[in-house]
Number of protein chains: 2
Amino acid sequence: MKRGERAARREARRIHRSRSPFFEIPFRQISNAYKPLELLPPEQIETLHNASMRILEEVGLDFLDDEALDLWRQAGAKVDRAKQHVWLDRALVLELVARAPTSFTWLARNAERNLTIGHNSINFSPQGGTVFVANLEFGRRPGRLEDYEKLLKLVHMCNVLHVTGEQMVVPHDVDISARHLRRLQRAITLTDKALMEAAHGRVIPNDSLEMARLVFGDPLPADPVLAGVINVNSPLRYDDRMLGGLITLARAGQITIVTPFILAGAMSPITLASALAQQNAEALAGIALTQLVRPGAPVVYGGFTTNVDMKSGSPSFGTPEGAWAMAVGAQLARRYQLPYRGSGSLNTSKVPDAQAAYETMWTIWPAVLAHTNFVMHAVGWLDSGLTVSYEKFIMDAEVLAMFQHFLGGLNINDDSLALDMIAEVGSGGHHFGTPHTQARFSTEFYQPFLADRLNYETWREAGGLDAARRANLLWQELLVQYEAPSIDPGLTEALDDYVERRRRELKGVELYS
Amino acid sequence: MKRGERAARREARRIHRSRSPFFEIPFRQISNAYKPLELLPPEQIETLHNASMRILEEVGLDFLDDEALDLWRQAGAKVDRAKQHVWLDRALVLELVARAPTSFTWLARNAERNLTIGHNSINFSPQGGTVFVANLEFGRRPGRLEDYEKLLKLVHMCNVLHVTGEQMVVPHDVDISARHLRRLQRAITLTDKALMEAAHGRVIPNDSLEMARLVFGDPLPADPVLAGVINVNSPLRYDDRMLGGLITLARAGQITIVTPFILAGAMSPITLASALAQQNAEALAGIALTQLVRPGAPVVYGGFTTNVDMKSGSPSFGTPEGAWAMAVGAQLARRYQLPYRGSGSLNTSKVPDAQAAYETMWTIWPAVLAHTNFVMHAVGWLDSGLTVSYEKFIMDAEVLAMFQHFLGGLNINDDSLALDMIAEVGSGGHHFGTPHTQARFSTEFYQPFLADRLNYETWREAGGLDAARRANLLWQELLVQYEAPSIDPGLTEALDDYVERRRRELKGVELYS
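Being a predicted model, the structure only gives us computed values, none of them experimental. (Residues numbered from 1 in each chain as written. Chains lettered and ligands numbered in written order. Predicted model: local features only at pLDDT ≥ 70, side-chain atom pairs only at ≥ 80, totals over all residues. Heavy atoms only, no water.)

If you tally the helices and strands in chain A, you get 19 helices and 20 strands. Scored against the burial criterion, the 513 residues of chain A give a buried share of 66%. Partitioning the contacts of chain A with sequence separation of at least 6, the portion at a separation of at least 24 is 77%. Accessible surface, chain A: about 17,000 Å² in total, of which carbon and sulfur atoms supply 48%. Charged side chains in chain A number 52 positive and 59 negative. The centres of these two groups are separated by 3 Å. (Helix = DSSP H or I, 4+ residues; strand = E, 2+ residues; numbered from the N terminus. Buried < 20%, exposed > 50% of the residue type's maximum accessible area, 1.4 Å probe, protein only. Contact = heavy atoms within 4.5 Å. Areas by Shrake-Rupley, 256 points an atom, 1.4 Å probe, with all protein chains shown as cover. Lys, Arg positive; Asp, Glu negative; His and termini not counted. Charge placed at Lys NZ, Arg CZ, Asp CG, Glu CD.)

What follows is the structure in structure tokens.
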């Protein structure tokens, strides 16, 4: 190494020693400026489309809810009330789907956190629906309300995450009938990001709407403020729990994320072509129903298709099959000009190891390249979604930060081409000390907050920690540094009152959990 | 879970208990049937092209070799012999580059291992140039010949790897002047895959050619049988070591993989646009020279551009910047209808942990999607390429096997759409036991050999091993099961004789190592 080079490196180290790159990542709406990945040619997308239309027309779906059946009957669909089964003509479905917005704005308590869902926007949400929490401190145990609060604090601090997430972990120490109240109350007060809550039945979403009115005013603004996920009970069935949520949210003009949950080989034929045709039929049926409830209601085309493991019968995540489904799902959603929901950190590993990481990357790479507008479970998953890991949360956040940089930064222009610098340095020199380099020293490249780029000896001297152990140090540090976002004390009080009143009213009531 | 489902799962477990998915992965030429990822629009590729033409014309390059300078002078280029500097007109460069083949066949000792390099073929090579070996048994130590042999055995068994690799690890216990002989002798006898060897100076490649003649006959076949990597000493310099290799291999009609090694911010301006324009100028200059030596010589456009870490001055691998360079490099190579070389398992981690995995995936995803024809370092890297890890080798092999499946399997046709099965199972049923599923039970999905999809309790009972520890068990098992490919005893003897003679002749001779 030349002397000037060594001095430049020393200087670099001096300047940067005190800065923590985690805190320098901005919160911003991410756009994917690159053309979307088109895995299949258009004619194969049309083949899938036609197959799904035949499924809707010839096979039909169960809708296990009287109001949904009434809506379909009034719209002219063929309905068998006894069997709670509906056959949908393609003309009807496509006419309804065309009413859904191509893109919409999702309001947050802090207007700087408002989001666009659609076109080439990309938004990241934390893990949802996990039962256990894991970290290097205590291993694995059932989730508690304190975990929910800690995870919300991390979500708030983590600028690559755009929303609060939905049911991030089950708070087992809270009465089942009050969990939705506690979750949303904490989400409103511990963060100021856009809100999600469970869309199970009619009681839970109605409580969420009431709490949203306390935050956003009554009546609610024209743009939506709340989102819920509607999972299809594949194959080809919407149950009363999900239809209650779908109808309640859509009627209130709030966001439904309609997502068939298909494990090919179990809930659909084993071939991915078939699984995707079925996914498309199921998703479009639910999306059409939202538009029957309220034309123009904001709705997202969701995909959560992967395969079972044929050795164990367990679900597989982070697989080549899941990657196909992620990419082709986006193509299908684009065909109908609908926003698309995919997933991020899916994997089957029990620990935050290399398997957890490479399976996650089999999910997030196709999701990002395919222009997924809303990436659920973008951080934190372990063990097929049974567990949220604090360390995995941090690892995945780094990957998202890398994507934020990747999607934003490659500019080709005279300034970035810097031909004068290439001429000045010439052959065999180095560019450490040029004004062009110096001016961009600390901002040009992605700066990792987790990846260790030290040399082996220095890394050994610093403790020789692997990524999981470094992630452990970081999340603990973040929780120490957390500061709650400002909130009107009147709002806090009104939320407390509402939650307390409803907690008492719902005590012992059996809700769809 | 329903009773029929449970029985189907039991049956699945019974059938598959005895099979090891690692051994079922076929060796085959992989084609990427998907359209290549085009990160930049064509006009920006033209901007990069024009910038690189100006670099060749106005800035020029050092060529530190008399024969190379003579070749350029005879071709009409402007040459400053005292400064060993050459300026290249774009008309000359493009005319020469156009002589290079768009695709070629690379012969292996076993004709079933012959490869196509170019178009949408994709080939994977193991790590090269590492100094240390690491595993969970002994940690890290300098490489030895026994490691080289073990790695060759793993390469031979690993059907997702297509070639033997080049300088997989330094055999420190062999005299420097005999290392190339020992490496190639072992590569020829312990595997039957296509051969690579160091392209340093003229002596080493000439020895490799002599040994190749023992294998393939004298004169050598019309199609190439040997490849070497020509690294550029960026910025803008080809040294005598690399030019000796380039000229020797090209003259013999063998494969040169011409690869600028650029860390943006050090060997080029900090901006990736500039780094890529410089990469393109450097690569095309070397490729043009191969065609001056021998029109039609097989040559590959290589990219190895990433960034320095501005905190430490160390190289960074598995970064968003590296991903840009990988994808745009492929676009540039396509512009000149040249085969493209990228990389696979690049990372900066010191252990086979989550960081190693996610950085690797930041390298291999863009490489595969961009239609990289030859993926160097596709397995085994750790610590910025200083170290080969036996466990990382296995982890990366799983990722390659997943890509082999991903690139081959998504078929959309009547059979795979299986609409009759969707109709037969209907709403709310399951597809475990259908004839369509049963017929594809063991072949439809990718079957992992490393990823663990057991449930938590079963995984715990089985030892609770993470991916690194499971990889450790697998490579040890593979070395036990290794069987050498058949070889004519006369060839073995001829190789032994050649190596022994040259070892004595070269003793004490200083070679470019």
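Turning our attention to the environment of arginine 179 of chain B. Residue and element names in this part refer to chain B. Its place among the elements puts arginine 179 in helix α7 (residues 179-190). Arginine 179 sits 87 residues away from alanine 266 along the chain, and the two C-alpha atoms are 31 Å apart. Residues contacting arginine 179, with those up to four places away along its chain left out, are Val170, Pro171, His172 and Val174.

Moving on, we come to the sheet that holds strand β4 (residues 85-87) of chain B. Pairing is mixed across the open sheet formed by four strands, whose spatial order is β3-β4-β2-β12 (chain B). Strands with a single pairing partner mark the edges of an open sheet, and in this sheet they are β3 (78-80) and β12 (237-238) of chain B. (Pairing = 2+ DSSP bridges.)

This part is about the packing of helix α3 (residues 42-59) of chain A against helix α11 (residues 320-335) of chain A. All names here are of chain A. With their axes 10 Å apart at the nearest point, α3 and α11 run at an angle of 75° to one another. Here α3 is positioned roughly perpendicular relative to α11, judged by the angle of their axes. Where α3 approaches α11, its residues Ile45, Glu46, Leu48 and His49 are matched on the opposing element by Val328, Gln331, Leu332 and Arg335. Within the contact of α3 with α11, the residues separate by chemical class into four nonpolar, two polar and two charged. (Axes fitted to C-alpha atoms, helices over the stretch in contact; angles between N-to-C directions. Parallel < 35°, antiparallel > 145°, perpendicular 65-115°, else oblique. Nonpolar A, V, L, I, M, F, W, Y, C, P; charged D, E, K, R; others polar.)

With that settled, consider the interface of chain B and chain A. Contact with chain B, which involves 118 residues of that partner, is made by 118 residues of chain A. Regarding the contact of chain B and chain A, the summed buried area is about 10,300 Å², with carbon and sulfur atoms giving 69% of it. It is Lys311, Phe445 and Arg453 of chain B that lose the most area in chain B upon contact with chain A, and together they represent 8% of the buried surface on that side. For the interface between chain B and chain A, the tally reads six salt bridges. (Buried area = accessible area lost by both parts, 1.4 Å probe. Salt bridge = Lys/Arg side-chain N within 4 Å of Asp/Glu carboxyl O.)

Further remarks concern helix α9 (residues 240-251) of chain B. All names here are of chain B. Helix length check: α9, at 12 residues, gives a terminal C-alpha distance of 16 Å against a target of 16 Å (1.5 Å per residue), a fit within 8%. Within α9, nine of the 12 residues are buried, leaving the element largely enclosed by the surrounding structure. What α9 keeps buried is the set Met242, Leu243, Gly244, Gly245, Leu246, Ile247, Thr248, Leu249 and Ala250. A side-chain oxygen of the first residue of α9 lies 3.2 Å from the backbone nitrogen of arginine 241; this N-cap is aspartate 239. Once α9 finishes, glycine 253 follows within two positions and takes phi at roughly 75°, a positive value. (Expected span 1.5 Å × (residues − 1). Polar contact = N/O pair within 3.5 Å; in protein donor to acceptor, adjacent residues only side chain to side chain.)

Okay, helix α18 (residues 467-481) of chain B next. In this model, α18 of chain B (15 residues) spans 21 Å end to end at C-alpha, consistent with the 21 Å of a helix rising 1.5 Å per residue. For α18 of chain B, the complete set of buried residues consists of Ala467, Ala468, Arg470, Ala471, Asn472, Leu474, Trp475, Leu478 and Leu479 of chain B. Those residues of α18 of chain B hidden inside the fold are in contact with α12 (354-369) of chain A together with α2 (21-24), β8 (132-135), α6 (145-157), α13 (390-408) and α17 (456-461) of chain B.

For the pair of chain copies, the relating operation is a rotation around an axis with a shift along it. For the pair chain B and chain A, the best superposition has an RMSD of 0.0 Å and corresponds to a rotation of 180° with a translation of 0.0 Å parallel to the axis. With respect to symmetry, the two chain copies, as superposed, fit the operation of a two-fold axis. Residue alanine 354 of chain B, judged by its C-alpha, is the member of chain B lying nearest the rotation axis, at 2.1 Å. (Least-squares fit on C-alpha atoms with pLDDT ≥ 70 in both.)

What follows concerns the environment of alanine 108 of chain A. Residue and element names in this part refer to chain A. With respect to the helices, strands and loops of the structure, alanine 108 is situated in the loop between β5 (103-106) and β6 (115-118). The buried category is assigned to alanine 108, whose relative accessible area is 6%. Alanine 108 sits 387 residues away from leucine 495 along the chain, and the two C-alpha atoms are 16 Å apart.

The next thing to look at is the pattern of salt bridges. One pass over the structure, following the stated rule, counts 64 salt bridges over all chains. Where arginine 504 of chain A meets glutamate 500 of chain A, a salt bridge forms, and the shortest distance between an N and an O atom there is 3.5 Å. Note that arginine 504 of chain A and glutamate 500 of chain A are positioned in helix α19 (residues 489-506) at a spacing of four residues, about one turn of the helix. By relative accessible area, arginine 504 of chain A is classed as exposed at 52%. Of the charged contacts in the structure, one is a salt bridge between arginine 501 of chain B and glutamate 505 of chain B, with a shortest N-O distance of 3.0 Å.

On to the packing of aromatic side chains, then. Tallying each qualifying case throughout the model produces 40 aromatic pairs over all chains. A centroid spacing of 5.0 Å and a plane angle of 85° characterise the contact between phenylalanine 22 of chain B and phenylalanine 449 of chain B, whose relative ring orientation is edge-to-face. Pair noted here: phenylalanine 22 of chain B is in helix α2 and phenylalanine 449 of chain B is in the loop between α16 (435-439) and α17, with a separation of 427 residues, a long-range link. Exposure remark for phenylalanine 22 of chain B: the relative accessible area of 4% places this residue in the buried category. Between tyrosine 390 of chain B and tryptophan 475 of chain B, the aromatic rings sit 4.5 Å apart at their centres with planes inclined by 35°, giving tilted as the arrangement. Here tryptophan 475 of chain B lies in helix α18 and tyrosine 390 of chain B lies in helix α13, a separation of 85 residues in the sequence. Of the two residues, tyrosine 390 of chain B and tryptophan 475 of chain B, neither departs from the other in class, the shared state being buried. One aromatic cluster is present, built from ring pairs that chain together Tyr34, Trp365, Phe403 and Phe406 of chain A together with Trp324 and Trp362 of chain B. In this structure, arginine 140 of chain B packs its charged tip against the face of tyrosine 456 of chain A, placed 3.6 Å from the ring centre. (Phe/Tyr/Trp six-rings, centres within 6.5 Å; stacked < 30°, edge-to-face > 60°. Lys NZ or Arg CZ within 6 Å of the ring centre and 35° of its normal.)

Attention now goes to the sheet that holds strand β19 (residues 381-382) of chain B. All names here are of chain B. Read across the open sheet, the four strands follow the order β9-β8-β20-β19; overall the sheet is mixed. A single partner strand is all that each edge strand has here, and the edge strands are β9 (139-142) and β19. Direction of pairing for β19 relative to strand β20 (residues 387-389): antiparallel, over a ladder of two bridges. Each residue of the ladder has a partner; that of leucine 382, found in β20, is threonine 387.

A few words on the confidence of the model for chain A. Residues and elements named next belong to chain A. Here chain A shows a mean pLDDT of 95. Residues at 70 or above account for 96%. For residues 12-18, every residue scores under 50 in pLDDT, and the model assigns this stretch 11 contacts once sequence neighbours within four places are set aside. Here the predicted complex carries an ipTM of 0.95, next to a pTM of 0.96. (pLDDT = per-residue confidence, 0-100.)

Attention now moves to unusual backbone geometry. Of the consecutive residues aspartate 218 of chain A and proline 219 of chain A, the connecting peptide bond is found in the cis state with omega at 5°. Inspection of the secondary structure puts proline 219 of chain A in the loop between α8 (203-216) and β11 (226-232). A positive phi angle, near 50°, is found at glutamine 167 of chain B, a position not held by glycine. For glutamine 167 of chain B, the position within the fold is in the loop between α6 and α7. The exposure class assigned to glutamine 167 of chain B is buried, which follows from its relative accessible area of 17%. Even without glycine at this site, aspartate 383 of chain B takes up a positive phi of about 55°. Tracing the sequence through the fold places aspartate 383 of chain B in the loop between β19 and β20. Assessed through its relative accessible area of 4%, aspartate 383 of chain B is described here as buried.

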